[in-house]
Amino acid sequence: MNITENVQGNVHQVYLEGRFDADTADKVEEFIRKKIKKKISHFVLDMENVSFIASAGLRVVIVLAKELRGEHKGDLYVAALQPSVYRVFEISGLNNVLSIFDDTETATQSFN
Amino acid sequence: MSLRTKLLVLSIILALIPLGISGRSMIQMTRDELKSSAQDHLIAVANDITRDIEDDFYHTWLGPLQLIRKSVENEYLGAKEKLSLLTEGMKSISGLVALQISVEGIEHPLFVTQEKFSTRLKKASLDPARTLMLTSGQIAALQKQKAVFAGGLTYLREADAWLMTVILGLDERTFGRPATLSARLNLERIKKRIENHSFIKTKTDAIILIESDGRKIFDPSRTDISQYSIAAAAKDRWHADTDTIGTQLYIGPDKKKMLGAYAFPSLKPFVETPLLSVIVEKSETDAYLAVRQMEQRLLLWIVIGFSFAVAGAVIVSVSLTRPLRRLTRGARIISQGDLSVRIETKGHKDEIGELSLAFNKMVKDLRQHMKELEETTKAKERAESELKLAKDIQESFLPKKFPELEEIEVWGKCDPAREVGGDYFDFFQIDDDHYGMVIGDVSGKGVPAALFMAASRTLFRTLISQEHLPDKVLTEFNDRLVALDQGSNMFITLFYGVLNKKSGHLVYSTAGHNMPYVKSSQDTDGIFQMLPGMKTMIAGMMDGMEMGRAEIDLHKGDAIVLYTDGMTEAINRNDEEFGEERLEQLLDKYADMSAREMCKRLIADVKAFQTGMPQFDDMTMLILKVK
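No experiment lies behind these values; they were computed from the predicted model shown.

**Concerning the side chain of Thr620 of chain B**
All names here are of chain B.
- Counting through the fold element by element, Thr620 comes out in strand E20 (residues 619-626).
- You can call Thr620 buried: its relative accessible area is 0%.
- There is a polar contact of 2.7 Å between the side chain of Thr620 and the side chain of Asp423.
- In this structure, Thr620 is in contact with Lys413, Cys414, Asp423, Phe425, Ile439, Leu562, Tyr563, Thr564 and Met567, ignoring residues within four places of it in sequence.

Given below as structure tokens:
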């Protein structure tokens, strides 16, 4: 799992690449939690290059989104999902609680 | 060959080479030196005797006789005076036993004898005058016109006396005709001196005087020894011009090795050729006694030196290899599993000592590791037995037997990735006609997932006894779970369906779980298809979520397959997913089999698919077929 970041205003765009499973979920969580500690509260998770998401990945996304919404008045948007990944969001019902966008640009703009 | 033997051989060779070389050359040098000194000694003795004889001749005899000759040549002296001169001379010259002046043509010579010797002759019944006086014929035969003659050795057996004759020519002018002065000399002095010489110490030591014909002097039987090696050598050199002296090694009369030397007393210029030869001999054993003793002593020292070298080699090789042997022994003991070994390192501050220290440290570390390993193993065993217990408990949550019903056939199987897992399924009777079927998947796996699953199961069981509509059950389940669990951030997906076995009517709902596959003659053209999704949300994350509800009628020959994503998300070595498509195809392929057989085959297929890869997730299936 490769994680890269691009900051645009107060929005941090986090680009993931690879499989988002039990082995890599912790890495993503740790990466974003470090930012949250630095009072960053607006994230867009770009998953254009994520081919697979496991339940552990789903857990990280929903937990972080919940936390950001609650305590930090922020949010975690999800963008650019591949169809197979979107299906997982759909099955689990996370598409109903998370803000999912077609691309990172749109997601970033909708923060403002 | 052991290291010890090698070291021993090397040390001995190292000691032996210098010892051997130096010993050998030392023995050689000293032997030569001592041999030549032994020869020198013999020569010195021969020279000593020679000088004594020469001394006798020149000073004792010839000198005084010359004086007498000078005196008697005085033409003014009468016969009486001459006789008194002879008498006086006789007294003053030691060993002189007779003096006579012979003049050619005169029958009676002037003749005097030593009184003492005459008495001795008389005692032996010999007439002194007849015995000692020389006839003119005898004189002529001996002298042969020479100015000085010396020789004519005679042995008087009766008186046991050795006599020598010296004839000096007298001035013809004084006597008017040829005349001679003859002297008879007793060689007793020389004989005594030889016999009492300090050289003679043993029976084989000998000092021999021989004449030029090889006959022994002072030997009453006048033995001819000219064939005897040393005498022959002397004879060969008899007429050499230079002063001759020599030594020789030869075999003596009684087969003994002898060392001999010879020398010739010189009477020059009076007599040209030597009168006699002095032979000195000694057995080689005696002569080279010092050589032999030295050789023995040196040999003894070499043996002692060699013994020390061998002893040193033994000590060094043993002291070098002993700690090595101890190490070997220690290593052998360790290999038998005894780690209480400790190598003695005291007194060894060399590399071997360091090796022993390292060895001891290794044993100590090994002991420590073994102890740790033992503890770890114990802890692991404990954990394993606890885990086994947990597995048994968890398995008791899952149905193993399924009701044998007239209308439907059900079978399910859970295969956890580890000992315990987070998958859940159940099939239970609600009332006479209604049966519930549920499948769930806790996020994660292992013990935490198993615990969360246990809690979820209890909650679910409680709810189904109060509520019959699946969507209501799951909505309530989610809210309760969120309320129950604050902070673990775990969630569970559930699919729950209620079937009327008589009508085949199925009402179902899902909390974020994969939708089941259904084969329906009415709705799916008799092949397996996934049920369409609905409003849903995984349970345990957010409360207030409404779950959707759907219904379907199952008829004879229809089937529904519930599963967890451990089946579809299994991965093979090429990083390919097993996938829904493959599952769908296999379901169709196995559609005519019994529910139990289908379960067994599908799980076996997934396992075969992921051969060589670890099982990432728990796999669970629940299959229901309408008879």
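**What to know about the nonpolar core**
- Among the nonpolar cores identified, the biggest contains 87 residues, and Phe20, Met47, Ile62 and Phe89 of chain A together with Phe460 of chain B are the most heavily contacted of them.
- Looking at this core element by element, the count peaks at nine residues for helix H2 (residues 55-70) of chain A.
- For Phe460 of chain B, the contacting residues outside a window of four places in its chain are Tyr424, Phe428, Val438, Val473, Leu474, Phe477, Leu494 and Tyr496 of chain B.
- Formed by 57 residues, the second largest nonpolar core is a distinct cluster that contains Phe57, Leu168, Leu209 and Met294 of chain B.

**Remarks on the sheet that holds strand E18 (residues 550-553) of chain B**
All names here are of chain B.
- The strand order across the open sheet built from five strands is E12-E13-E14-E15-E18, with neighbouring strands paired in antiparallel fashion. The sheet is open, and its two edges are formed by strand E12 (423-429) and E18, each paired on a single side. Across the sheet, the mean angle from the axis of one strand to that of its neighbour is 15 degrees, orientation sign disregarded.
- In this structure, strand E15 (residues 505-511) lies alongside E18, joined through four bridges in antiparallel fashion. Of the residues in E18, the one forming a bridge with His505 is Asp553.

**With respect to the packing of helix H10 (residues 289-335) of chain B against helix H11 (residues 351-397) of chain B**
Residue and element names in this part refer to chain B.
- At a minimum axis separation of 10 Å, H10 and H11 run at an interaxial angle of 15 degrees. Regarding the angle of H10 to H11, the classification is roughly parallel. For H10 against H11, the interelement crossing comes out left-handed. Mapping the contact onto sequence places Leu320, Pro323, Leu324, Leu327, Gly330, Ala331 and Ile334 in H10 and Ile352, Leu355, Ser356, Phe359, Met362, Val363 and Leu366 in H11.
- Across the contact of H10 with H11, the residue classes break down as 12 nonpolar, two polar and no charged.

**Let's talk about the UniProt feature "transmembrane region" (unreviewed entry) in chain B**
- Per the UniProt record, the feature "transmembrane region" (unreviewed entry) sits at residues 298-320 of chain B.
- Spanning residues 298-320 of chain B, this segment combines 100% helix with 0% strand, and its end C-alpha atoms are found 32 Å apart.

**Thoughts on the state of the cysteines**
Residues and elements named next belong to chain B.
- Across all of its chains, the model carries zero disulfides over all chains by this definition.
- A disulfide-free cysteine, Cys414 has its sulfur positioned 11 Å from the sulfur of Cys599, the nearest such atom.
- On the basis of relative accessible area, Cys414 is assigned to the buried category, the value being 16%.

Here is what the cut-offs are and how they apply
Residues numbered from 1 in each chain as written. Chains lettered and ligands numbered in written order. Predicted model: local features only at pLDDT ≥ 70, side-chain atom pairs only at ≥ 80, totals over all residues. Heavy atoms only, no water. Helix = DSSP H or I, 4+ residues; strand = E, 2+ residues; numbered from the N terminus. Buried < 20%, exposed > 50% of the residue type's maximum accessible area, 1.4 Å probe, protein only. Polar contact = N/O pair within 3.5 Å; in protein donor to acceptor, adjacent residues only side chain to side chain. Contact = heavy atoms within 4.5 Å. Core = buried A, V, L, I, M, F, W, Y, C linked by side-chain atoms within 4.5 Å. Pairing = 2+ DSSP bridges. Axes fitted to C-alpha atoms, helices over the stretch in contact; angles between N-to-C directions. Parallel < 35°, antiparallel > 145°, perpendicular 65-115°, else oblique. Left-handed = near helix turned anticlockwise from the far one by under 90°. Nonpolar A, V, L, I, M, F, W, Y, C, P; charged D, E, K, R; others polar. UniProt positions renumbered as here; feature names shortened; annotations may be inferred. Disulfide = S-S within 2.5 Å.

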